[in-house]
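Residues per chain are reported as follows:
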Amino acid sequence: MKYISFDIDGIMNNYPICWIQYLNITLDRNFSLDLRTEDIKDILDINIYNEIKDEYRNSDYKANLVFNPYTKVLADNFISNGYKIMVCTCLLYT
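These notes cover the structure that comes with them. Fair warning: this is a prediction, and the values are worked out from it, not measured in the lab.

**Some words on the pattern of salt bridges**
Overall, the coordinates contain four salt bridges when judged by the stated rule. Arg36 is the salt-bridge partner of Glu38, the closest N and O atoms lying 3.9 Å from each other. For Lys72, the salt bridge goes to Asp76, with nearest N and O atoms at 2.9 Å. Taken together, the residues span about one helical turn, with Lys72 and Asp76 both in helix H6 (residues 69-80) at a distance of four residues. By relative accessible area, Lys72 is classed as partly exposed at 45%.

In structure tokens:
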């Protein structure tokens, strides 16, 4: 049996764009969707950033993000070639 792993953020959804959109909604801001998350960390207080990030991870907003249609094409290709797909994600706290 062959396996392949897909991560949720950036593969199955449109991260970091969805994260920046969440920040814009939550903070009533207008961050450019071209910003890197590191840039936003420099703009916001890191404690606020981390608090909102935790809220985002557990939110209905994230749970209901649109599935990246290109991932479906990729997944179908792997499946048709005999692969089983595992969806993986990880939360690391420091």
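Here the narrative resumes, following the displayed structure.
**Some details on helix H2 (residues 17-27)**
Along H2, the positions that sit buried rather than exposed are Cys18, Trp19, Ile20, Tyr22, Leu23 and Asn24. Looking one or two residues beyond H2, the residue adopting positive phi is Asp28, at roughly 50°.

**Notes on the nonpolar core**
A general feature of soluble globular proteins is that nonpolar side chains tend to end up buried together. By size, the foremost hydrophobic cluster in this structure holds 11 residues: Cys18, Trp19, Ile20, Tyr22, Leu23, Phe31, Ile40, Leu44, Tyr49, Ile52 and Tyr56. Contributions of two or more residues to this core are made by H2 and helix H4 (46-57). Tallying contributions element by element places H2 first for this core, with five residues. With sequence-adjacent residues up to four places away left out, Leu44 is seen in contact with Leu23, Leu27, Arg29, Phe31 and Tyr49.

**Some points on the side chain of Asn13**
Take Asn13: it is sitting in the loop between helix H1 (8-12) and H2. The exposure class of Asn13 is buried, given its relative accessible area of 5%. Among the polar contacts made by the side chain of Asn13, one reaches the main-chain amide nitrogen of Tyr15 at a distance of 3.1 Å. Contacts of Asn13, omitting those with residues within four sequence positions, involve Ile8, Cys18, Leu65, Val66 and Asn68.

Rules used in this analysis
Residues numbered from 1 in each chain as written. Predicted model: local features only at pLDDT ≥ 70, side-chain atom pairs only at ≥ 80, totals over all residues. Heavy atoms only, no water. Salt bridge = Lys/Arg side-chain N within 4 Å of Asp/Glu carboxyl O. Helix = DSSP H or I, 4+ residues; strand = E, 2+ residues; numbered from the N terminus. Buried < 20%, exposed > 50% of the residue type's maximum accessible area, 1.4 Å probe, protein only. Core = buried A, V, L, I, M, F, W, Y, C linked by side-chain atoms within 4.5 Å. Contact = heavy atoms within 4.5 Å. Polar contact = N/O pair within 3.5 Å; in protein donor to acceptor, adjacent residues only side chain to side chain.

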